[in-house]
Amino acid sequence: MTPQELMREVRRLQITARHAVTEVFAGEYSSAFKGRGMEFADVREYEPGDDVRFIDWNVTARTGRPFIKRFTEERELTIMLAVDMSASGGFGSEGASKRRVAAEVCAIIAFAALRKNDRVGLLIYTDEVEMYVPPAKGSRHVLRIARELLGYQPGRRGTSLKVAADRLVHALKRRSVVFVVSDFVSAQRGAISAGDAMRGLAGKHDTTAIIVQDRREQAWPGVGLIELEDAETGERRLVDAGSARVRRAFESASGEQRRVLLESLARRGVDCLTVSTQLGTDRRPSYVHDLMTFFRRRELRRSA
């Protein structure tokens, strides 16, 4: 992609993301996550039933009457986007690759953060951390993140979720909202579960796994013999997709891998959102509705 093409794509993504934020779910985003703590607002006179732990003894001594401190939730958040750029993200059976969908989802979250004056950062990883952009505010910063998401060319093909999670544990000094965006393919077939890889991260931060999938990774069409290649290892295998028995076995194995993935994440308290490369019935990306539903669910759970 040339620099001119990249800037056109960034501009197109900016327009799409801002529309989604403005028209679809800005309210859900703003209320789906707690602020990082409580900040002092003012004082008022003590009333029977108030918590004595909040008495402001300095003001009380000065006035001769008991006063208590009032606090409000500190709304500013730190949003961290950890994006898997390994080779398996290049797959997409309906036009958009998983990597492109991941970039668009992250851009929407970043522009939502910009609208609410939250800080947002970016970590790009494969089997090592390839880029770290510290959290910051401002439209220029968010546009840089969009540019990196669209134009970054990874240097490696493999994936290590644990490497990315460990880096974030050490880099983020205060509690943050972390979105780990990946197809989680390596976690589904690896020795260490996704939940275990993210254990330390989920213990310190509000962590959500955004699982990017393509429907052909769950089910094959009956098209006869096909040759499959593992994008990360280069391994190839010839399979008979024309056989109903083979297709059922594949769908069963894919379903079991997904079940194990979701269970491993749930055990560590990691929230999950699945988005697809598939278009909705209105030809809009289906992830717009998925994001809106996710933020609304978070909002309802928080207010319950």
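Right above here is the structure, for reference.
Residues numbered from 1 in each chain as written. Predicted model: local features only at pLDDT ≥ 70, side-chain atom pairs only at ≥ 80, totals over all residues. Heavy atoms only, no water.

Asks: Sorry if this is basic, but what is going on with the packing of aromatic side chains here?
Replies: We describe a pair of aromatic rings using the distance from one ring centre to the other and the angle between the two ring planes. Summed over all chains, the structure comprises two aromatic pairs. For the ring pair Trp220 and Phe250, a centre distance of 3.8 Å and an interplane angle of 10 degrees mean the geometry is stacked. Here the residue Trp220 occupies a position in the loop between strand S7 (206-213) and strand S8 (225-229), and Phe250 occupies one in helix H9 (residues 244-267), the gap between them amounting to 30 residues. The same class applies to Trp220 as to Phe250, namely buried. (Phe/Tyr/Trp six-rings, centres within 6.5 Å; stacked < 30°, edge-to-face > 60°. Helix = DSSP H or I, 4+ residues; strand = E, 2+ residues; numbered from the N terminus. Buried < 20%, exposed > 50% of the residue type's maximum accessible area, 1.4 Å probe, protein only.)

Asks: Which parts of the structure should I look at to understand unusual backbone geometry?
Replies: A negative phi angle characterises most non-glycine residues, just as the trans form characterises most peptide bonds. A positive phi angle, near 60 degrees, is found at Asn117, a position not held by glycine. You can see Asn117 is positioned in the loop between helix H3 (98-115) and strand S4 (119-125). For Asn117, a relative accessible area of 46% translates into the label partly exposed. The phi dihedral of Phe184 falls on the positive side, at around 55 degrees, and the residue is not glycine. Within the fold, Phe184 resides in the loop between strand S6 (177-182) and helix H6 (185-189).

Asks: Honestly, the pairing of S7 in this entry has me stumped. Any pointers?
Replies: Along any regular strand, the residues point their side chains to alternate faces of the sheet. When you tally the buried positions in S7, you get eight out of eight residues, the bulk of the element. Alternating residues of S7 divide into Asp206, Thr208, Ile210 and Val212 and Thr207, Ala209, Ile211 and Gln213, and every residue in both groups is buried. One ladder, built from six bridges, connects S6 with S7; its direction is parallel. Note that in S7 the partner of Val177 across the bridge is Asp206. Across six bridges, S7 lies against strand S10 (residues 271-276) in parallel orientation. Residue pairing for S10: Thr208 is matched across the bridge by Asp271. (Pairing = 2+ DSSP bridges.)

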